[in-house]
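# Structural features, examined
Given next are the chains, with one letter for each unit.
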Amino acid sequence: MAIHKNDSLCGNKALPLRKIVHMSGGAVPFIADIYGREYAALALGFATLIFFIMEVIKPAEKKRYVYGLLWRNGEKEVFALDPLFYILSFFVLLGLSYFVNAGICYASMVVLTLGDGVAPLIGYLGRLRLPGSCKTVEGTTGGIILSSIVGFYFVGVLAVVGSVAGMVTECSISRHDNLFIPFAALGAMLLGKALF
């Protein structure tokens, strides 16, 4: 999400380390494409294990230093749903890649990881706020451009359709975007492929 830096009403600030971890998921579709979906599933399984370990030890972590860099304020005392939804979206897309166009599934992962990941980092410097939103034109545009460029590897120009759909969805919702962004991108690309 491309959050405007000067608005105290906008809630959670962008956490750079969290976004770096978020964007590192961009390796998963490349692992699936180059080495096979089984290896991508293993990488996701490892990430899931780390996530659950961190959730289990979270109450015992006294300084909250690591959690302050990775977890939002509302996630420090309760189970963090958004990272779990992020991982679940990957597993679902990986499973769907056996039944629908694999490239479209992988490009949808790119929109989630890189589009949604880079938007708040660019948006932090942005000045043009979207109407009625904490998000910025610069952040959203940056997310569309980056995910389109990287997604081009998997689906060509169709990546632009998925990137726009995913980032428009990201601008439209404030909770659990890790569930909605990739599937908006997936749906838009499947529709685009069917029509053209």
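The rules behind the values
- Throughout, residues of each chain are indexed from 1 in the direction in which the sequence is written.
- Side-chain atom pairs in this predicted model are given and counted only at pLDDT of 80 or more, local residue features only at pLDDT of at least 70, and totals for whole chains, interfaces and linings cover all residues.
- Note: side-chain values were computed over all heavy atoms of the structure, leaving out hydrogens and water.
- Residue-level confidence of the predictor, termed pLDDT, takes values from 0 up to 100.
- Where helices and strands are cited, they refer to DSSP runs of H or I of at least four residues and of E of at least two residues respectively, numbered from the N terminus.
- Throughout, a residue-residue contact means that at least one pair of heavy atoms, one from each residue, lies within 4.5 Å.
- Lines fitted to C-alpha atoms define the axes, with helix axes restricted to the stretch in contact, and inter-axis angles between N-to-C directions lie between 0 and 180 degrees.
- Angles below 35 degrees are treated as roughly parallel, those above 145 as roughly antiparallel, those between 65 and 115 as roughly perpendicular, and all remaining angles as oblique.
- When the near helix sits turned anticlockwise from the far one by under a right angle, the crossing is termed left-handed; a clockwise turn instead gives a right-handed crossing.
- Put simply, Ala, Val, Leu, Ile, Met, Phe, Trp, Tyr, Cys and Pro go in the nonpolar bin, Asp, Glu, Lys and Arg in the charged bin, and everything else, Gly too, in the polar bin.
- Residues form patches when they are more than 30% accessible in relative terms and have no salt bridge. Like charges link within 9 Å. Nonpolar side chains (Val, Leu, Ile, Met, Phe, Trp, Tyr) link within 5 Å.
- All accessible-area figures derive from a Shrake-Rupley calculation using a 1.4 Å probe, and residue coverage is judged against the displayed protein chains alone.
- Counted as salt bridges are all cases of a side-chain nitrogen of Lys or Arg within 4 Å of a carboxyl oxygen of Asp or Glu.
- The classification of residues rests on relative accessible area computed with a 1.4 Å probe and restricted to protein chains. Under 20% of the type maximum is buried, over 50% is exposed, and intermediate values are partly exposed.
- Note on aromatic contacts: the rings of Phe and Tyr and the six-membered ring of Trp form a pair at centre separations within 6.5 Å, being stacked when their planes are under 30 degrees apart, edge-to-face when over 60 apart, and tilted otherwise.
- Whether a charge sits over a ring comes down to the Lys NZ or Arg CZ being within 6 Å of the ring centre and within 35 degrees of the ring normal.
- In this description, a nonpolar core means a group of buried Ala, Val, Leu, Ile, Met, Phe, Trp, Tyr and Cys residues linked to one another through side-chain atoms lying within 4.5 Å.
- Helix span is expected to be 1.5 Å times the residue number reduced by one.
- We define the bend at each residue as the angle formed by axes fitted to the 7 residues ending at it and the 7 residues starting at it.
- Nitrogen and oxygen atoms within 3.5 Å of one another constitute a polar contact, given that in protein one can donate a hydrogen and the other can accept it, and given that sequence-neighbouring residues count only through two side-chain atoms.
- Note that the arc is computed from the directions linking the helix axis to the C-beta atoms.

## Focus: the confidence of the model for the protein chain
- Averaged over the protein chain, the pLDDT score is 86; the fraction of residues at 70 or greater is 88%.
- Put simply, helix 4 (residues 65-70) is where the protein chain has its lowest mean pLDDT, 69, and helix 2 (residues 27-34) is where it has its highest, 97.
- When the criterion is pLDDT under 50, residues 1-9 qualifies, and its contacts beyond four places in sequence or with other chains add up to 31 contacts.

## Quick word on the packing of helix 3 (residues 37-57) against helix 5 (residues 81-96)
- Closest axis-to-axis distance for the helix 3/helix 5 pair is 11 Å, and the angle between their directions is 165 degrees. Judged on the interaxial angle alone, helix 5 and helix 3 are roughly antiparallel. Of the two possible hands of crossing, helix 3 and helix 5 adopt the one that is left-handed. Along its contact with helix 3, which presents Arg 37, Ala 40, Ala 41, Leu 44, Gly 45, Ala 47, Thr 48, Phe 51 and Phe 52, the element helix 5 presents Pro 83, Leu 84, Ile 87, Phe 90, Phe 91 and Leu 94.
- In terms of residue class, the contact of helix 3 with helix 5 is made up of twelve nonpolar, two polar and one charged.

## Section: a nonpolar patch on the surface
- Together, Phe 46, Leu 49, Ile 50, Ile 53, Val 56 and Ile 57 line one region of the surface with nonpolar side chains, adding up to about 590 Å² of accessible area.
- Relative accessible area serves as the criterion here: at 65%, Val 56 is assigned to the exposed category.

## Overview of the packing of aromatic side chains
- For the coordinates displayed, the defined rule picks out eight aromatic pairs.
- Taken together, a centroid distance of 5.6 Å and an interplanar angle of 80 degrees make the contact between Phe 51 and Phe 79 edge-to-face. On the criterion of sequence distance, the pair formed by Phe 51 in helix 3 and Phe 79 in the loop between helix 4 and helix 5 is long-range, its members being 28 residues apart.
- Look at Phe 51 and you get buried, because its relative accessible area is 5%.
- The class for Phe 79 is partly exposed, based on a relative accessible area of 38%.
- Each residue in the set Phe 30, Tyr 106, Tyr 153 and Phe 154 is aromatic and connected to the rest through ring pairs, giving one cluster.
- For Arg 37, the ring lying beneath its charged end belongs to Tyr 98, and the centroid distance is 4.0 Å.

## Notes on the nonpolar core
- The biggest cluster of nonpolar side chains holds 33 residues, and the ones touching the most others in it are Phe 90, Leu 94, Met 109, Val 155 and Met 189.
- Mapped onto this core, the elements with two or more residues apiece are helix 2, helix 3, helix 5, helix 6 (102-123), helix 7 (137-155), helix 8 (158-172) and helix 9 (177-195).
- Per element, the largest residue contribution to this core is nine residues, and it comes from helix 6.
- Not counting residues within four places of it along the chain, the set of residues in contact with Val 155 comprises Asn 101, Gly 103, Ile 104, Ala 107 and Met 189.

## Things to note about the side chain of Thr 169
- Relative to the assigned elements, Thr 169 resides in helix 8.
- On the accessibility criterion, Thr 169 (18% relative accessible area) is buried.
- Here Thr 169 is in contact with Phe 180, Ile 181 and Ala 184, once residues within four sequence places are set aside.

## A word on helix 6
- When the terminal C-alpha atoms of helix 6 are compared, their 31 Å separation across 22 residues agrees well with the 32 Å that a helix rising 1.5 Å per residue should span.
- Taking the largest bend as the criterion, helix 6 deviates by roughly 25 degrees, centred on Val 111.
- Looking at where helix 6 begins, the residue whose side-chain oxygen comes 2.9 Å from the main-chain nitrogen of Gly 103 is Asn 101.

## Structural notes on the environment of Ile 145
- Relative to the elements of secondary structure, Ile 145 occurs in helix 7.
- Take Ile 145: its relative accessible area is 47%, and that puts it in the partly exposed class.
- Taking the C-alpha atoms as reference points, Ile 145 and Val 160, separated by 15 residues in sequence, lie 8.0 Å from one another.

## Regarding helix 2
- All buried positions along helix 2 are accounted for by Val 28, Pro 29 and Ala 32. Within helix 2, the buried residues cover an arc of 95 degrees as seen down the axis, which keeps them to one side.
- For helix 2, the elements touching its buried residues are helix 3, helix 5, helix 6 and helix 7.
- Downstream of helix 2 by a residue or two, Gly 36 has a phi angle that is positive, lying close to 120 degrees.

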